[in-house]
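Listed below, chain by chain, are the residues.
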Amino acid sequence: MHILDIVENSIRAKADMIKVSIVIDEAADLLTVNIDDNGCGMSKKTVKSVTSPFVTTRTTRKVGLGIPLFASGCENTGGSLSISSKKDIGTNLTATYRLSHIDRPPLGDIAQTMYVLTLLNPQIDFVFTAKKNGTFLYDTRKIKAKLDGMPITHPDVLGFIHDYLREQTTLIFGGYEI
């Protein structure tokens, strides 16, 4: 859910390219999640305050819990969360968790997450990288280039994407409970 929340922030920031990377490094006992976008970015002041639950750029409410909860979850497992951003360039968020820590939340169904993001945001390009037992790269730009004018939201294309993401993430992460 944290990944969806951060990607939604990227979409609200008018990003048209969002990169999501998940790396499992068992030797270092780390799970790393990186989200990078080319949205409008944030000022240095906003970056410093964004981990406070009482700061949000939304006008519909006065609190923002997504990033503070993400940071807390990382820190509770011996990990960390860092954010860098530049106005008019974009934002990068890196979250690390101790992989073996008992309080590390499960990553969830990342294949379904990337599928839903593609389905609901066909105008945005997504690049998803998964690393553990090998590397898997999902890039909607490459898929769109092969479609010869067919929309990425065509049912046949979406069926392929769904199956492809499921198969490849299973190959990379194996039976690993993430």
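Residues numbered from 1 in each chain as written. Predicted model: local features only at pLDDT ≥ 70, side-chain atom pairs only at ≥ 80, totals over all residues. Heavy atoms only, no water.

J.: What am I meant to see in the packing of helix α1 (residues 2–12) against helix α3 (residues 66–75) here?
T.: In helix packing, the relevant descriptors are the interaxial angle and the interaxial distance, both defined with respect to the helix axes. Two numbers describe how α1 lies on α3: the axes approach to 10 Å, and their chain directions differ by 140°. On the basis of their axis angle, the class for α1 and α3 is oblique. Here the hand of the crossing between α1 and α3 comes out left-handed. In this structure, α1 contributes His-2, Asp-5, Ile-6 and Asn-9 to the contact, and α3 contributes Gly-66, Ile-67, Leu-69 and Phe-70. Residue composition of the contact of α1 with α3, by class: four nonpolar, three polar and one charged. (Axes fitted to C-alpha atoms, helices over the stretch in contact; angles between N-to-C directions. Helix = DSSP H or I, 4+ residues; strand = E, 2+ residues; numbered from the N terminus. Parallel < 35°, antiparallel > 145°, perpendicular 65-115°, else oblique. Left-handed = near helix turned anticlockwise from the far one by under 90°. Contact = heavy atoms within 4.5 Å. Nonpolar A, V, L, I, M, F, W, Y, C, P; charged D, E, K, R; others polar.)

J.: Quick question: what am I supposed to make of the confidence of the model for the protein chain here?
T.: Low pLDDT means the predicted atomic positions in that stretch should not be read closely. For the protein chain, the mean per-residue pLDDT works out to 89, and 89% of the residues sit at or above 70. Model confidence for the protein chain, summarised as mean pLDDT per element, is weakest for helix α2 (residues 44–49) at 81 and strongest for helix α5 (residues 140–146) at 97. (pLDDT = per-residue confidence, 0-100.)

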